[in-house]
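Residues per chain, in single letters:
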Amino acid sequence: MISLSVPLLEAEEKQAVLEVLESRQLAQGEKVRAFEEAFAAFCGTKHAIATSSGTTALQTAILAHGIGPGDEVITTPFTFIASANAILFAGAKPVFVDIDERTYNIDASRIEEALTPRTKAILPVHLFGHPCDMEAIMDIAIRHGLVVIEDACQAHGAMVKGRKVGSFGTGCFSFYPTKNITTAEGGMITTDSDEIADRARLIRNHGQRERYYHEMIGYNFRMTEIQAAIGLVQLNKLERFIAMRRANAAYLTQKLKGVITPLEVPGCRHVYHQYTIRVPNSRDQLANYLRERGIATGVYYPLPVHKQRAYQCLGYADHLPVAEAVSREVLALPVHPALTREDLDRIIEGVNSLWS
Ligand SMILES: *Cc1c(COP(=O)(O)O)cnc(C)c1O
């Protein structure tokens, strides 16, 4: 079976984990600090704050900006549910704006019509590794005095005009095993603001600057030294992984027939966390056909967030036609760095032969 994703761990990661175990320093310490410094340098931000997951990175970032009950946060309905849940965890309300069908990201031209006096922030998600229209989003945010929190959980290293995602607003990243780099579980917040970084560090660690003196009510959202040690090794490989994903994507796009292939907007660097095609009318048929031929595929996401059962008690009656239509047509094909040329040819032959 050609798998949809595999964490790429080698002898170096094993060695790094063993060194931490032997050091007996397991909880947040020097390795976490080193990983934060390296990640901030990678993103081009002043600070990076490591967390226990991408979800807790989002929750911490939202709380650090003082967003809470009575506030609205504009986001996309076409994402992993954690993007919207993090807004709810802070006591605020997610407001969904439909997506651009070419990039699958929030449609920036529709954000202003969703603004109310309660709107505090915009939370764009760089879905599948393609950056959102950050020029338009930052322009709206500046004109209306809004905070921007970027869900970059799928987009480590994605860029707009040479600038990394996570450096426009407050960035949130995940290192879950399926992401482009992993720490098993883990997350990171990026920011240039001393104040947001300071608040995020307090929220992450029970509100303590000094041990057992608590300035605020916080959480335990810390990363371990084991995770950070893996992350330091993985971060060194990220540019290589991105180059391989991009080469695989370019090859697929050149050869696939009869499907809508992903777009890379000029000036953007797509990092292809997922290579998502659209297959109007026959998505499930193609998925089954490929499974029979030993090729795994994925549907991200079959149901937009506002349509989830968990959200019905919140009274969402929105009709967001683009997100709803796209969720019935998307199919992710394998694009990860462990694929061989032979694997790619099998995927291409599989897709193209369905139509002939
Ligand atoms: C993975 C992911 C998250 C959550 O990250 P975890 O590390 O799994 O908590 C949030 N948003 C998006 C878009 C993701 O893909």
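Here the structure is a predicted model, which means the values were calculated and not measured.

Conventions used here
- Residues numbered from 1 in each chain as written.
- Predicted model: local features only at pLDDT ≥ 70, side-chain atom pairs only at ≥ 80, totals over all residues.
- Heavy atoms only, no water.
- Buried < 20%, exposed > 50% of the residue type's maximum accessible area, 1.4 Å probe, protein only.
- Helix = DSSP H or I, 4+ residues; strand = E, 2+ residues; numbered from the N terminus.
- Arc of directions from axis to C-beta.
- Contact = heavy atoms within 4.5 Å.
- Near = heavy atom within 4 Å.
- Polar contact = N/O pair within 3.5 Å; in protein donor to acceptor, adjacent residues only side chain to side chain.
- Areas by Shrake-Rupley, 256 points an atom, 1.4 Å probe, with all protein chains shown as cover.
- Nonpolar A, V, L, I, M, F, W, Y, C, P; charged D, E, K, R; others polar.
- Phe/Tyr/Trp six-rings, centres within 6.5 Å; stacked < 30°, edge-to-face > 60°.
- Lys NZ or Arg CZ within 6 Å of the ring centre and 35° of its normal.
- Axes fitted to C-alpha atoms, helices over the stretch in contact; angles between N-to-C directions.
- Parallel < 35°, antiparallel > 145°, perpendicular 65-115°, else oblique.
- Left-handed = near helix turned anticlockwise from the far one by under 90°.

Draft legend 1. Structural detail: helix α8 (residues 283-292). Those residues of α8 lying buried are Arg 283, Leu 286, Ala 287 and Leu 290. For α8, the angular spread of buried residues about the axis comes to 100 degrees, placing them on one side. In this fold, the buried residues of α8 make contact with β13 (275-278), β14 (330-333) and α11 (341-354). Within two residues after α8, Gly 294 carries a phi angle of roughly 80 degrees, on the positive side.

Draft legend 2. Representation of the site of the ligand within the structure. The environment of the ligand is formed by 15 residues, the closest being Gly 54, Thr 55, Asp 151, Ser 174 and Lys 179. Between a nitrogen atom of the ligand and a side-chain N or O atom of Asp 151, the distance comes to 2.8 Å. Here Gln 154 contributes a side-chain N or O atom positioned 2.8 Å from an oxygen atom of the ligand. The fraction of the free accessible surface of the ligand (380 Å²) that becomes covered by protein chains is 93%. Broken down by secondary-structure element, the contributors of at least two residues to the shell around the ligand are α3 (54-64) and α4 (82-89). Ranked by the residues each element gives to the shell around the ligand, the list is headed by α3, at 3 residues. Taken together, the residues of the shell around the ligand sort by class into 5 nonpolar, 8 polar and 2 charged.

Draft legend 3. Quick look at the packing of aromatic side chains. All told, the structure shown has 16 aromatic pairs when counted by the stated rule. Between Phe 39 and Phe 175, the aromatic rings sit 5.6 Å apart at their centres with planes inclined by 85 degrees, giving edge-to-face as the arrangement. Here Phe 39 is found in helix α2 (residues 30-43), whereas its partner Phe 175 is found in the loop between β8 (170-174) and β9 (187-191), with 136 residues between them in sequence. The exposure classification of Phe 39 matches that of Phe 175, with both residues buried. Counting every residue linked through ring pairs, the aromatic cluster contains Phe 78, Phe 80, Tyr 104, Phe 128, Tyr 300 and Tyr 301. Above the ring of Phe 168, the side-chain terminus of Arg 163 is found at 4.2 Å from the ring centroid. Between Arg 341 and the ring centre of Tyr 251, over which it is positioned, the NZ or CZ distance is 3.9 Å.

Draft legend 4. Examining the packing of α3 against α4 more closely. Where α3 contacts α4, the axes come no closer than 9 Å and their chain directions differ by 40 degrees. Put simply, α3 runs oblique to α4. For the pair α3 and α4, the crossing hand works out as right-handed. On the side of α3, the interface is formed by Thr 55, Leu 58, Gln 59 and Ile 62, while α4 contributes Ala 82, Ser 83, Ala 86, Ile 87 and Phe 89.

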